[in-house]
Amino acid sequence: MKPTDTFTDDQLELLADKARQGKISRRKFTQLGAALLGSAALASRGMPALAADGQLVFVSWGGDAVDAYDDAYGKPFEEATGIRVRQDGSGPTEGAIQAQFESGNPTWDIVDADAFSAESLGKKGMIEPIDYDVVDKSKMRDGFGWEYSASSYFFSYVIAYDATKFGDNPPTSMADFFDTEQFPGKRAMYKWGTGVWEALLMGDGVAQADLYPLDLERAHNKLRDFKQHVISFWGNGAESQTLMLNGEASMALIWSTRARLLDQDTDGDVKFIWQDGVISPGAMAVIKGNPGGSDAAMKFIASAQDPEKQLVMFDMLSQGPANPATDDLIPEDERRFNPVAPDNYAQQVALDVAWYEENYGDALNEYLAIVSA
Amino acid sequence: MTNIRPMILLAPLLMFLSLAYMLPFAGVIGWSVTIPEPGLQNYAAALTDPLILSVFWRTLRICAVVTAISVAMGYLLSLLWVRGTPLVRTLTELCILIPFWISVLTRAFGWLALLSSRGLLNGWLEGLGIIDDPLRLVRNEFGVIVGMVHFMIPFAVFPLASAMRNVDERVLLAARGMGASRTRTFWQVFVPMTAAGIMGAALLVFVFAIGFFITPAILGGGRSVMVAEMIYLRIFQSPDWGLAAAVSVILMVAISALLALLLKQLSPKDAK
């Protein structure tokens, strides 16, 4: 091959990347490719294939997760199977997955989605059912493998508090979170409702075991009364961290992944408790008609069940392992950060995926009506 | 429009715009009357749902306030830029252009650092003993307005400055020569002569402000949801594409009507 061809190939490869990520359309890619090579040449050489060509696109929520997923799951999978896994951090919300499917030409293969989103979309025929002959249900915690998605990690909504203020008398339950007399200062909660409804109800005296189905009316009444104490409804993890770091909130309901970072980065000035936390599963799902094919995608999901790989994700992102076999691999002194370690699990309640699948959209609209009133 | 030539020259642009914007928008209109089922129920919902109405009103209110402040401040800034001494002009230009080039995200976080309850401003005020409890300056509507005004001022300045540059100096001299005071010359001669610039600036700022997303999301503390964020929410979070599409169409129609109205008001004056 002539040296000039290498450059053209590289250009073509860059274009193909963009096409795969959906940044340019396939038609545009063909046009530009033809412009680079001449259309006859393009036809004779064959394009770098866009679909089913030993590539998978894994879509997560961006940030540090992109590199972590690549190190823990992507690279080992490519070594084992020759299938390259590309990382895309654009955030697979329910609507974004639906948009991928409805385009008729999805460029995503596997999504790191909320299990309830995957189930709801799956029932509309947009998600492949999980092939439990390939994905091993025995490598998951009981009740966390669904028809259309497989749990891949856990995180919790936990109470983080300013230990410089409440160090001697720390909060011990959700009731304390809502008690601004004993624990003065502003609060921060999640903008999209998940985990907050549970917190509101527990704060109002509902026992963990009686949470589901959620009594939304009661939760929203509590929210109306309490929202004056909320300085911010945070929309992403970094924001929640900032609110605690600069002391704007004295207590916050945040993800355990961020709570661990706060605990470590502030040398314990910000601490958190597991009591009354809400355990939430992250799940992997495969878009129906995905370019890399369902088989390869299922193999990828199965490969991510490996305890050693999940340990990497715990180290890098504090993801609680989906595979219980990973729990014991976590060094003793770090087990306190694992949301699903038995001691921690026992203090919390697990998010009810089935309830969210049915009710999330409407509940969120009501929630936001109160928040922004 | 008796001359056909400008139309021919404009045609490719119009075709491009219609392909790039109108076609996809036709698709959005399609969604609004077909998802989840054919009919006008999405429009009915959008125009009666108290949440959506309150978001509409909030958006209009915030945009009106932002427009008024941005145009007023932009007017003063433009005066300095166009009519100041050379040193003042250079300084003003820097004050306009440097923020203009900084990304909207960076500016929103800048305001957060400056105005939050443990931010610089509250820190100083508390340090000086002026206040005991921090002022709530961000994570509310006030913060959203500050951030948006800061972003919009350069957009107000450009049409205003160009209108001011077109004012014939001799007219002002004539007014002064006829015995008008400085104040009177300003209000009765200069301001009316820049009225088209004021209208243009107000229009630009208002229409731009309606689509704001990032600044309200960051500085509003999750509370000051504006219409763009609500559309995002209905598309990505609680998937309800029909309603999102209906809200988009209503917004588009409202903005177009506004544009048409203002253009109509502007054009007779230009024709004189």
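Preceding this section is the structure that the text describes.
Criteria and cut-off values
- One numbering rule holds for all chains: residues counted from 1, following each sequence as written.
- Whichever chain is written first is A, and whichever ligand is written first is 1; the rest continue in order.
- For this predicted model, a pLDDT threshold of at least 70 governs which residues receive local features, and a threshold of 80 or more governs which side-chain atom pairs are given and counted, while totals over whole chains, interfaces and linings are taken from all residues.
- Hydrogens and waters are ignored; side-chain quantities use all the structure's heavy atoms.
- In this description a helix means any DSSP run of H or I spanning at least four residues, a strand means any run of E spanning at least two, and both kinds are numbered starting from the N terminus.
- When checking whether two residues touch, look at their non-hydrogen atoms; a contact exists if any pair is within 4.5 Å.
- Each of two parts loses accessible area, computed with a 1.4 Å probe, when they are put together; buried area is these two losses added.
- Salt bridge, as used here: a side-chain nitrogen of Lys or Arg that lies within 4 Å of a carboxyl oxygen of Asp or Glu.
- As used in this structure description, the phrase polar contact means that two N or O atoms lie within 3.5 Å; if the pair is within protein, one of them must be able to donate a hydrogen and the other to accept it, and residues adjacent in sequence are counted only when both atoms belong to side chains.
- Gly falls in the polar group here, along with every residue not listed as nonpolar (Ala, Val, Leu, Ile, Met, Phe, Trp, Tyr, Cys, Pro) or charged (Asp, Glu, Lys, Arg).
- Patch membership requires more than 30% relative accessible area and the absence of a salt bridge. Residues of like charge join within 9 Å; the nonpolar side chains Val, Leu, Ile, Met, Phe, Trp and Tyr join within 5 Å.
- The protein chains shown are the only cover counted for residues, whose accessible areas, like all others here, come from Shrake-Rupley with a 1.4 Å probe.
- Only protein chains enter the accessibility calculation, which uses a 1.4 Å probe; a residue is then buried when its area is under 20% of its type maximum, exposed when over 50%, and partly exposed in between.
- Neither His nor the chain termini are counted; the positive set is Lys and Arg, and the negative set is Asp and Glu.
- Taken as the charge location is NZ of Lys, CZ of Arg, CG of Asp or CD of Glu.

Participant: Can you explain the side chain of Ser116 of chain B? Please cite residues and give values.
Facilitator: With respect to the helices and strands, the residue Ser116 of chain B is situated in the loop between α5 (104–115) and α6 (120–127). Look past the residues within four positions of Ser116 of chain B in its chain and what remains in contact with it is Asn246 and Glu248 of chain A together with Trp111, Asn122 and Val138 of chain B.

Participant: Would you mind going over the interface of chain B and chain A in detail, with residue names and values included?
Facilitator: The interface of chain B with chain A comprises 22 residues on the first partner and 29 residues on the second. Roughly 2300 Å² of surface becomes buried between chain B and chain A when both sides are summed, with 52% attributable to carbon and sulfur atoms. Counting across the interface, chain B meets chain A through 2 salt bridges. Ionic pairing is found between Arg139 of chain B and Glu248 of chain A, a salt bridge with its closest N-O pair at 2.8 Å. One can count 11 residue pairs in polar contact (both at pLDDT 80 or more) joining chain B with chain A. Mapped onto the side of chain B that touches chain A, the elements with two or more residues apiece are α3 (50–83) and α12 (227–237) of chain B. Counting residues per element, the side of chain B that touches chain A draws most heavily on α12 of chain B, which supplies 7 residues. Looking at the side of chain B that touches chain A residue by residue, the class counts come to 9 nonpolar, 6 polar and 7 charged.

Participant: Kindly report on a nonpolar patch on the surface, identifying the contributing residues and their values.
Facilitator: Residues and elements named next belong to chain B. Taken together, Ile4, Met7, Ile8, Leu10, Leu13, Leu14, Phe16, Leu17, Tyr21 and Met22 make up a surface patch of nonpolar side chains, about 1000 Å² in accessible area. Examined against the element boundaries, Leu13 turns out to sit in helix α1 (residues 5–34). Residue class for Leu13 comes out partly exposed when judged on its relative accessible area of 45%.

Participant: An account of a negative patch on the surface is requested, with residue identities and associated values reported.
Facilitator: Residues and elements named next belong to chain A. On the surface, a cluster of negative charge is contributed by Asp215, Glu217, Asp362 and Glu366. Here Asp215 shows up in the loop between α9 (196–203) and α10 (216–226). Residue classification places Asp215 among the partly exposed positions, given a relative accessible area of 38%.

Interpretation note: all reported values are geometric properties and have no functional meaning in isolation.
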